[in-house]
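# Notes for the structure review
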Amino acid sequence: MVTQGDLTAGAVVRRRMTAGELAIWRLLLDTTGELRKILGTELQESNLSPADYQVLLALSEADGSRMRSSELASAIDWERSRLSHHLGRMERRGLIRRDECATDSRGAEVSLTDDGAEAFRRASAPHMKAIKKHFVDALTPGQFESLADILQSLQAHLHPESTVARGGEGGRS
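Residues numbered from 1 in each chain as written. Predicted model: local features only at pLDDT ≥ 70, side-chain atom pairs only at ≥ 80, totals over all residues. Heavy atoms only, no water.

Let's shift gears to the overall build of the protein. For the protein, the helix and strand inventory stands at eight helices and three strands. Listing every helix and strand of the protein by position from the N terminus yields α-α-α-β-α-α-β-β-α-α-α. Per-residue burial over the protein gives 28% buried out of 173 residues. Expressed as a percentage of contacts within the protein between residues at least 6 apart in sequence, the contacts between residues at least 24 apart total 48%. Looking at the protein as shown, the accessible area adds up to about 12,300 Å², and 54% of this sits on carbon and sulfur atoms. (Helix = DSSP H or I, 4+ residues; strand = E, 2+ residues; numbered from the N terminus. Buried < 20%, exposed > 50% of the residue type's maximum accessible area, 1.4 Å probe, protein only. Contact = heavy atoms within 4.5 Å. Areas by Shrake-Rupley, 256 points an atom, 1.4 Å probe, with all protein chains shown as cover.)

Attention now moves to the pattern of salt bridges. Here the structure, examined in full by the defined rule, presents nine salt bridges. Among the salt bridges present, the one from Arg97 reaches Asp99, with a minimum N-O distance of 2.9 Å. Among the residues examined, Asp99 registers a relative accessible area of 27% and is labelled partly exposed. Shared partners join several salt bridges into a network, and the residues in it are Arg66, Arg97, Asp99 and Glu109. (Salt bridge = Lys/Arg side-chain N within 4 Å of Asp/Glu carboxyl O.)

Turning next to the confidence of the model for the protein. For the protein, mean pLDDT is 88; residues scoring 70 or higher make up 84% of the total. Under a pLDDT of 50 for its full length, residues 167–173 has, in the predicted model, 15 contacts with residues more than four places off or in other chains. (pLDDT = per-residue confidence, 0-100.)

Now for helix 3 (residues 50–61). Compared with the 16 Å implied by 1.5 Å per residue over twelve residues, the 16 Å span of helix 3 between its first and last C-alpha is a close match. All of the buried residues in helix 3 are Ala51, Asp52, Tyr53, Val55, Leu56, Ala58 and Leu59. (Expected span 1.5 Å × (residues − 1).)

Further remarks concern the pairing of strand 3 (residues 108–112). Of all the five residues making up strand 3, four are buried; the element is thus mostly covered by neighbouring parts of the structure. As defined by bridge partners, strand 2 (residues 96–100) adjoins strand 3 across five bridges and the pair is classed as antiparallel. The residue bridging Arg97 from the neighbouring strand is Ser111, located in strand 3. (Pairing = 2+ DSSP bridges.)

As a further point, take the packing of aromatic side chains. Under the criterion given, the structure shown has two aromatic pairs. Consider the rings of Phe135 and Phe144, whose centres lie 5.6 Å apart with planes at 85°: the pair is edge-to-face. (Phe/Tyr/Trp six-rings, centres within 6.5 Å; stacked < 30°, edge-to-face > 60°.)

Now for the nonpolar core. Core analysis: the largest hydrophobic core is formed by 25 residues, its most contacted members being Val55, Leu56, Leu59, Leu72 and Leu83. It is helix 3 that contributes the most residues to this core, six residues altogether. The contacts of Leu72, once residues within four sequence positions are left out, are Val55, Ala58, Leu59, Met67, Leu83, Leu87 and Val110. (Core = buried A, V, L, I, M, F, W, Y, C linked by side-chain atoms within 4.5 Å.)

Attention now moves to unusual backbone geometry. The backbone of Ser65 shows a phi angle near 55°, a positive value even though the residue is not glycine. Of the residues examined, Ser65 reaches a relative accessible area of 24% and is grouped as partly exposed. Of note, Asp77 is a non-glycine position whose phi angle comes to about 60°, a positive value.

Let us look at the packing of helix 2 (residues 19–43) against helix 6 (residues 114–134). Contact geometry of helix 2 with helix 6 gives a least axis separation of 10 Å together with a crossing angle of 150°. Classified by the interaxial angle, the pair formed by helix 2 and helix 6 is roughly antiparallel. For the pair helix 2 and helix 6, the crossing hand works out as right-handed. Between helix 2, through Leu35, Ile38, Leu39, Glu42 and Leu43, and helix 6, the contact on the second element is made entirely by Ala123, His127, Ala130, Ile131 and His134. (Axes fitted to C-alpha atoms, helices over the stretch in contact; angles between N-to-C directions. Parallel < 35°, antiparallel > 145°, perpendicular 65-115°, else oblique. Left-handed = near helix turned anticlockwise from the far one by under 90°.)

Here is the structure:
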């Protein structure tokens, strides 16, 4: 009997990818890139770039719609210099505000402005419709379950400490 542990160990031992595995990897890269391009183009009809939307989403989900810039950079997985430049552009457009951090004079706190919250709300419904049209509608419920299982396995592999911390359930918290 082959167990999940045996399959994982076997995958680690193999030195080279097969042509089929490489083709699937390339298909994943091409498909996710194409989805990003299509969704980004449709999002720009709301006068927000995908990067703007990512920042606004993180701030809208944050407690009080504000975050330290270092926490924001970590949350959206950007380098701090990239974030700083982008925040400057968003601040000039009135989407966000940067203030000195009350608890640490070295840091800045980024806040969602009323205009930024409104721009995010206006963009969200069309963005969700585009995600449904170009992603959700392409898959059956069974394919979604399979995709969820695949993504959870990848997350557990990439972040094994999360799996251990959650009692082996898999996935990230």
